[in-house]
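# Observations on the three-dimensional arrangement
Residue-level listing of the chains:
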Amino acid sequence: MIQNPVRAVIVDDSLLVRNIISDQIQKDSKILVVATGKTGVDCIDLAQKLQPDIIILDVEMPIMDGLTALHELQKKKLGIPVIMLSVLTQNGADATFKALEYGAIDFVPKPSSAFQFDPEEIGNILKSKILAYFESKIQIPSIAARKKVLVPSFSTEELPGKKSPIQAICIGTSTGGPRALQEVFSRIPGDLSLPVLVVQHMPAGFTKAFAMRLNDHAKIKVKEAEDGEPIEPGTGYVAPGDLHLSIQSRAGRKWIALNREAPVNGHRPSIEVLLNSAIEEYKGGIIGVIMTGMGKDGSAAMVKVREAGGSTIAQDEQTSVIYGMNRQAVEMGGVEYIEPVTEIINRIQIILKERGI
């Protein structure tokens, strides 16, 4: 439990936006807005004077924009987590991903006009992200508990399909995921002959730009997944925002299937949906990877991946922005290997050598 209210600073050039966000997030007694500002200069000034617990920072502002302010904050090594407010445009998306590279922990999309705001919706999103971040920082299990969860919960006798060749890699992530996925994709060898299917919790309109960004950093081709396209080896597919991604068989081939069915674990796309369909289509021939993010999406499906004979990896606590979904998967016994983000591809390569392709 969070003992003292989280002290927040809001920086946005619109007075209306500052007031809306301030009113909404303070509906939760665990959050207190200690100051607001309207430029990046204000942001740096308030950060130094007040040392808040978190800053909510608009990307596009006059005098000094949010990206420049964030860069300055990082140079000053103040260590204050930042959530960006980002307008849904191509420029907004590009700036958002730069901000995540600079160290912002997450972003929340906002309409281009303050009058299109759904105050409650943006308030609820921000509250959940802020509280999940701080709760994840205090729920640290003891070393003994951490050692305990590393013990595999299934014996090899229970996993008859354990040695079947790997046919696909499925990755699920949320808060902190864009930067973590960039790290992972930059390390994938160019000769990988498997598809990599990704669910990153991200709003519609940002995933295409994100897939292009991953493609720029990767040696394999990465794209936003399209409904009805064949799944090709050596290609990364990112689930579009607001669409579930699943795998289907047709005419002896595997295909991408997208749908707008109800959210699962509060998410669309859902990691659970991807992993469950991968088990259906590939049986034990998959590697499931669960990374940084709040909530529990994908954790139950990771258990099923292990039961089906697949291999499973979780990003470790130290390199996660929020040790949430991956913690749940570990505690439920769904994780075979726990790795820092820089070692996930090494572990995948070891598994592929052991099990073949």
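Residues numbered from 1 in each chain as written. Predicted model: local features only at pLDDT ≥ 70, side-chain atom pairs only at ≥ 80, totals over all residues. Heavy atoms only, no water.

### Comments concerning the sheet that holds strand β1 (residues 6–11)
Pairing between the strands of a sheet comes from backbone hydrogen bonds, and it takes one of two forms, parallel or antiparallel. Strand order across the open sheet formed by 5 strands is β2-β1-β3-β4-β5, with parallel pairing between neighbours. Every interior strand has two partners, whereas the edge strands, β2 (31–37) and β5 (106–110), have only one. Strand after strand, the sheet turns through a mean of 25° between neighbouring axes, direction not considered. Bridge analysis of strand β3 (residues 54–58) against strand β4 (residues 82–87) gives 4 bridges, and the strand direction is parallel. Bridging from a neighbouring strand, Ile-55 pairs with Val-82 of β4. (Pairing = 2+ DSSP bridges. Helix = DSSP H or I, 4+ residues; strand = E, 2+ residues; numbered from the N terminus. Axes fitted to C-alpha atoms, helices over the stretch in contact; angles between N-to-C directions.)

### Some words on the packing of aromatic side chains
Evaluation of the coordinates by the stated rule reveals 5 aromatic pairs. Measuring from ring centre to ring centre gives 6.5 Å for Phe-97 and Phe-206, while their planes differ by 85°; the resulting arrangement is edge-to-face. Of this pair, Phe-97 sits in helix α4 (residues 90–102) while Phe-206 sits in the loop between β7 (196–200) and α8 (207–217), and the two are 109 residues apart along the sequence. On the basis of relative accessibility, which here comes to 3%, the residue Phe-97 falls in the buried class. Ring centres of Tyr-133 and Phe-134 lie 5.1 Å apart, and the angle between their planes is 90°; on these two criteria the pair is classed as edge-to-face. Residue Tyr-133 is classed as buried on the basis of its relative accessible area of 13%. Residue classification places Phe-134 among the buried residues on the basis of a relative accessible area of 16%. Each residue in the set Phe-97, Phe-107, Phe-206 and Phe-210 is aromatic and connected to the rest through ring pairs, giving one cluster. In this structure, Arg-250 is placed above the aromatic ring of Trp-255, and the distance from its NZ or CZ to the ring centre is 4.2 Å. One cation-aromatic arrangement involves Arg-347 over Tyr-337; the distance from NZ or CZ to the ring centre is 4.1 Å. (Phe/Tyr/Trp six-rings, centres within 6.5 Å; stacked < 30°, edge-to-face > 60°. Buried < 20%, exposed > 50% of the residue type's maximum accessible area, 1.4 Å probe, protein only. Lys NZ or Arg CZ within 6 Å of the ring centre and 35° of its normal.)

### Overview of helix α12 (residues 344–355)
Between its terminal C-alpha atoms α12 stretches 16 Å, which fits the 16 Å expected from 12 residues at 1.5 Å a residue. Where α12 is concerned, the buried positions are Ile-344, Ile-345, Ile-348, Ile-351, Leu-352 and Arg-355. Buried residues along α12 cover an arc of 115° about the axis, so they all sit on one side. Residues of α12 that are buried make contact with β6 (168–173), α7 (177–186), β12 (286–290), β13 (311–315) and β14 (337–339). In the segment just after α12, Gly-356 is the residue with positive phi, at about 75°. (Expected span 1.5 Å × (residues − 1). Arc of directions from axis to C-beta. Contact = heavy atoms within 4.5 Å.)

### What to know about the sheet that holds β14
Here 7 strands make up an open sheet; going across it, the order is β8-β9-β7-β6-β12-β13-β14 and the pairing parallel. Every interior strand has two partners, whereas the edge strands, β8 (221–224) and β14, have only one. Geometrically, the sheet is characterised by an average inter-axis angle of 20° between neighbouring strands, direction not taken into account. Pairing of β7 with strand β9 (residues 235–238) involves 3 bridges; the strand directions are parallel. Residue pairing in the sheet places Val-196 in a bridge with Gly-236 of β9. Against the sheet, helix α10 (residues 299–308) contacts β12 and β13, and its axis sits at roughly 155° relative to β12.

### Overview of the packing of helix α1 (residues 15–25) against helix α5 (residues 119–138)
Following both chains from N to C, one finds α1 and α5 inclined at 60°, their axes separated by 9 Å at the closest point. One finds that α1 runs oblique with respect to α5. The interaxial crossing formed by α1 with α5 has right-handed handedness. In this structure, α1 uses Ile-20, Ile-21, Gln-24 and Ile-25 to contact α5, whose residues at the interface are Pro-119, Glu-120, Gly-123, Leu-126, Lys-127 and Ile-130. Here the contact of α1 with α5 is built from residues that sort into 6 nonpolar, 2 polar and 2 charged. (Parallel < 35°, antiparallel > 145°, perpendicular 65-115°, else oblique. Left-handed = near helix turned anticlockwise from the far one by under 90°. Nonpolar A, V, L, I, M, F, W, Y, C, P; charged D, E, K, R; others polar.)

Functional significance is not addressed by these values, which are geometric in nature.
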